[in-house]
Amino acid sequence: MHSAQIDTSTLDAPLLDAYLRRLGVAYPAWPTADVLRELQLRHLQTVPFENLSVHLGEEIVLEEKRLVEKVVMAGRGGFCYELNGAFSALLRAVGFDVTLLAGRVYGEEGRLGIPYDHLALLVRTVDAGEWLADVGFGAHSHYPLRWEHRGEQQDPGGLFRIAEAGPDGAGVKGGAGRLAGSGNGAPGADVDVHRNGTRAYRLEVRPRLLGDFLAGAWWHRTSPDSHFTRSLVCSRVTQEGGRITLSGRRLKTTSADGSSAEREVAGDEEVLAVYRERFGISLDRVPVVRAAGTAV
């Protein structure tokens, strides 16, 4: 497989150790499928999917070391480019072969989003082939998905399927050549990732570099059409397999069986306490939605 890598030495030993400590896992002996499954689940449970930087006026830098430092040293999360960018550095540091893939998210009426709308990871293990790993899509699979399997894949996060994509809205069937080692699907075919019978996002199969996603990240933190500029979100998977989400001042907890409860968080001090105690994020002020175009 062609691995689109920038620098395999991004994580020095202290930073790698600190990353693994945050996830609560030991240094893996071998880059196996079971290790990948554990790392993805622990990442989803401990590192929140959040867009607070957009509304706090914080700089978002798509450089692996900066992304890892944000997760490890600052105790923060991020959106897809940040989370999967940092996760890819971690996976390479413990021996996995990782390819960055560009995706476009399906929106209303099945319309595809902008190019470089999403970043996901294709990960090769030493014992079980290739897997689609994603810790940056909010409510999604808890475990990696088998890349070459075209049937349904049951996961605590839902019923998933990876399928060859049809033509896009312009009638074009995209793709620039199947990744070496990927045995299914027509050469050149993009793939759609389905969740519970609905298309979640489309992935191009060609390898990408982290810097390729700069325009997508800029659009998502500045455009009035981006959902990241219109609202606040902070969300993670719970230890019990459910999800907890703070959207502005609205706190929602969802159990593994799908039952949920919501409440309004009252004052600023309680909001800051929820970020700190439920998500591990320490802030000195409550984030508020900024006008689109004012983010750094």
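Everything below is about the structure printed above this text.
Since we're looking at a predicted model, the values are computed, not measured.

> How should I be thinking about the packing of aromatic side chains in this particular structure?
The relative placement of two aromatic rings is captured by the distance of their centres and the angle of their planes. If you walk through the whole model with that rule in mind, you get six aromatic pairs. On the basis of an interplanar angle of 55 degrees and a centroid distance of 6.1 Å, the ring pair of Phe-49 and Phe-228 is categorised as tilted. Note that Phe-49 is positioned in strand β1 (residues 49–50) and Phe-228 in helix α7 (residues 227–230), a separation of 179 residues in sequence. According to the relative accessible area criterion, Phe-228 is buried, its value standing at 7%. For the ring pair Phe-79 and Tyr-81, a centre distance of 5.3 Å and an interplane angle of 85 degrees mean the geometry is edge-to-face.

> In this structure, what is going on with the nonpolar core? I would like to understand it.
Generally speaking, a soluble globular protein has its nonpolar side chains buried in company with each other. Tyr-19, Leu-39, Phe-87, Leu-91 and Phe-96 are the most contacted members of the largest nonpolar core, which totals 48 residues. Sorting the residues of this core by element identifies α1 (13–23), α2 (33–46), α4 (64–72), α5 (80–93), β2 (97–105), β3 (118–124) and β4 (130–133) as the ones contributing at least two each. With eight residues, α5 is the largest single contributor of residues to this core. Not counting chain neighbours up to four residues away, the residues in contact with Phe-96 comprise Pro-31, Thr-32, Val-35, Leu-36, Leu-39, Leu-91, Val-123, Arg-124 and Thr-125. One finds Leu-56, Ile-244, Leu-246 and Val-274 within the second-largest nonpolar core, a separate group that totals 16 residues.

> How do you make sense of α4 when you look at a structure like this?
One full turn of an α-helix is made of 3.6 residues, so residues set three or four places apart face in the same direction. All of the buried residues in α4 are Glu-64, Leu-67, Val-68, Lys-70, Val-71 and Val-72. Buried residues belonging to α4 abut α1, α3 (52–56) and α5.

> How should I be thinking about the packing of α4 against α5 in this particular structure?
The description of two helices packed together rests on the angle between their axes and the distance between the axes. Where α4 contacts α5, the axes come no closer than 8 Å and their chain directions differ by 100 degrees. Accordingly, the angle class assigned to the pair α4 and α5 is roughly perpendicular. Counted together, Glu-64, Leu-67, Val-68, Lys-70 and Val-71 of α4 and Tyr-81, Glu-82, Gly-85, Ala-86, Ser-88, Ala-89 and Arg-92 of α5 form the full contact between these two elements. Of the residues that constitute the contact of α4 with α5, the class distribution is six nonpolar, two polar and four charged.

> Explanation requested: the pairing of strand β9 (residues 198–203) in the structure shown.
Both faces of the sheet carry side chains from a regular strand, because those side chains alternate between them. Sheet topology note: the β2/β9 ladder contains three bridges and is antiparallel. When the bridges of β9 are listed, Arg-104 appears paired with Arg-202. In this sheet, β9 lies alongside strand β8 (residues 191–195) in antiparallel orientation, the contact comprising five bridges. Note on β9: the bridge partner recorded for Val-193 is Tyr-201. Between β8 and β9, which pair antiparallel in sequence order, lie two residues; one of them, Asn-196, sits at a positive phi of approximately 50 degrees.

Scoring rules and cut-offs
Residues numbered from 1 in each chain as written. Predicted model: local features only at pLDDT ≥ 70, side-chain atom pairs only at ≥ 80, totals over all residues. Heavy atoms only, no water. Phe/Tyr/Trp six-rings, centres within 6.5 Å; stacked < 30°, edge-to-face > 60°. Helix = DSSP H or I, 4+ residues; strand = E, 2+ residues; numbered from the N terminus. Buried < 20%, exposed > 50% of the residue type's maximum accessible area, 1.4 Å probe, protein only. Core = buried A, V, L, I, M, F, W, Y, C linked by side-chain atoms within 4.5 Å. Contact = heavy atoms within 4.5 Å. Axes fitted to C-alpha atoms, helices over the stretch in contact; angles between N-to-C directions. Parallel < 35°, antiparallel > 145°, perpendicular 65-115°, else oblique. Nonpolar A, V, L, I, M, F, W, Y, C, P; charged D, E, K, R; others polar. Pairing = 2+ DSSP bridges.

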